[in-house]
Amino acid sequence: MDISIYRNYTDRNTKIAVSKYDRELFCCNSLLAIACHSGSGRYKFHIREIEVKTGEVLIIPAGMPFLPLSYSEDFHIDLLRVGNEHLELLDRIISVPQIELLLMGIPVIRLTSSQMEMFLYTISYIEKLLAEYKTEKQPKRDYTCEIIQEYLHILTLEAS
């Protein structure tokens, strides 16, 4: 299952399955959703700079070159990484225009406190299901995979 969740992520030196795109920018072959709990971080996307602040979620589409520029001292995030196999499934479930609008322009989505709570609760539940998925056998494993994909579907609908 090509999903990772990085909780309480504050280590600026840890790499998250990214590769060098050119001499400066990085690229991840997965979609990244960065939920900012506190502080702020600045990212460069080609010539555009974007800041993610407390209460916001930055969505970096798969294959989008980026460079972390700076972080405030109190920068604290949870990060959800979703691999291509799940993105392809979401493409089939949700209409293509919704996905394209969501991923167009490197969106920063401002969340209310209840929306952020729902987002964090959902990724916590996905994290729990991922732990179960690793220890289960078929067909329970297939069932758990379907539940995880439905939660990704819910997150995508909420974001779009």
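Remember, it's a predicted structure, so these values are computed and weren't measured experimentally. (Residues numbered from 1 in each chain as written. Predicted model: local features only at pLDDT ≥ 70, side-chain atom pairs only at ≥ 80, totals over all residues. Heavy atoms only, no water.)

Right, let's get into the overall build of the protein. Of the regular secondary structure elements, the protein holds four helices and ten strands. Helices (α) and strands (β) of the protein occur, in sequence order from the N terminus, as β-β-β-β-β-β-β-β-β-α-α-β-α-α. Residues classed as buried in the protein amount to 44% of the 160 residues present. Within the protein, contacts between residues separated by at least 24 positions form 73% of all contacts whose residues are at least 6 apart in sequence. Total accessible area computed for the protein in this model is approximately 8,800 Å², and 52% of it derives from carbon and sulfur atoms. (Helix = DSSP H or I, 4+ residues; strand = E, 2+ residues; numbered from the N terminus. Buried < 20%, exposed > 50% of the residue type's maximum accessible area, 1.4 Å probe, protein only. Contact = heavy atoms within 4.5 Å. Areas by Shrake-Rupley, 256 points an atom, 1.4 Å probe, with all protein chains shown as cover.)

Quick look at the nonpolar core now. Buried together is how nonpolar side chains tend to be arranged in soluble globular proteins. Counting residues in each nonpolar core, the largest one holds 21 residues, and the members touching the most others are Leu80, Phe119, Ile123, Ile126, Ile148 and Leu152. Secondary structure elements with two or more residues in this core: β1 (3-9), β4 (31-38), β7 (56-60), β9 (76-82), α3 (113-135) and α4 (140-159). A per-element tally of this core places α3 first, with seven residues. Formed by 18 residues, the second largest nonpolar core is a distinct cluster that contains Phe26, Cys36, Ile60 and Phe66. (Core = buried A, V, L, I, M, F, W, Y, C linked by side-chain atoms within 4.5 Å.)

The strand order across the open sheet formed by five strands is β1-β9-β4-β7-β10, and the pairing between neighbours is antiparallel. Each edge of the open sheet carries a strand with a single partner, namely β1 and β10 (108-110). When strand polarity is set aside, the average angle formed by the axes of neighbouring strands in this sheet is 15°. As paired strands, β4 and β7 are joined by four bridges and run antiparallel to one another. Paired with leucine 32 across the two strands is isoleucine 60, which belongs to β7. On the sheet, α3 packs against β1, β4, β7, β9 and β10 and is oriented at approximately 125° with respect to β1. Across the sheet, α4 is in contact with β1, β7, β9 and β10; its angle to β9 comes to roughly 115°. (Pairing = 2+ DSSP bridges. Axes fitted to C-alpha atoms, helices over the stretch in contact; angles between N-to-C directions.)

For the rest of this paragraph, the subject is the sheet that holds strand β5 (residues 40-45). Spatial strand order, β6-β5-β8: three strands in an open sheet with antiparallel pairing. Strand pairing shows two members of the sheet lacking a second neighbour, β6 (48-53) and β8 (67-71), which therefore form its edges. Pairwise comparison of adjacent strand axes, ignoring direction, gives a mean angle of 25° for this sheet. As defined by bridge partners, β5 adjoins β8 across four bridges and the pair is classed as antiparallel. In the sheet register, glycine 41 faces β8, and the bridge partner there is tyrosine 71.

Now for the packing of α3 against α4. Two elements in contact, α3 and α4, have axes separated by 10 Å at closest approach and are oriented at 160°. The pairing of α3 with α4 is recorded here as roughly antiparallel in orientation. In this structure, α3 meets α4 at a crossing whose hand is left-handed. Residues Met118, Phe119, Thr122, Ile123, Tyr125, Ile126, Leu129, Leu130 and Tyr133 of α3 lie in contact with α4, whose contacting residues are Arg141, Thr144, Cys145, Ile147, Ile148, Tyr151, Leu152, Leu155 and Glu158. Counted by class, the contact of α3 with α4 contains 14 nonpolar, two polar and two charged residues. (Parallel < 35°, antiparallel > 145°, perpendicular 65-115°, else oblique. Left-handed = near helix turned anticlockwise from the far one by under 90°. Nonpolar A, V, L, I, M, F, W, Y, C, P; charged D, E, K, R; others polar.)

Geometric values such as these leave the question of function open.
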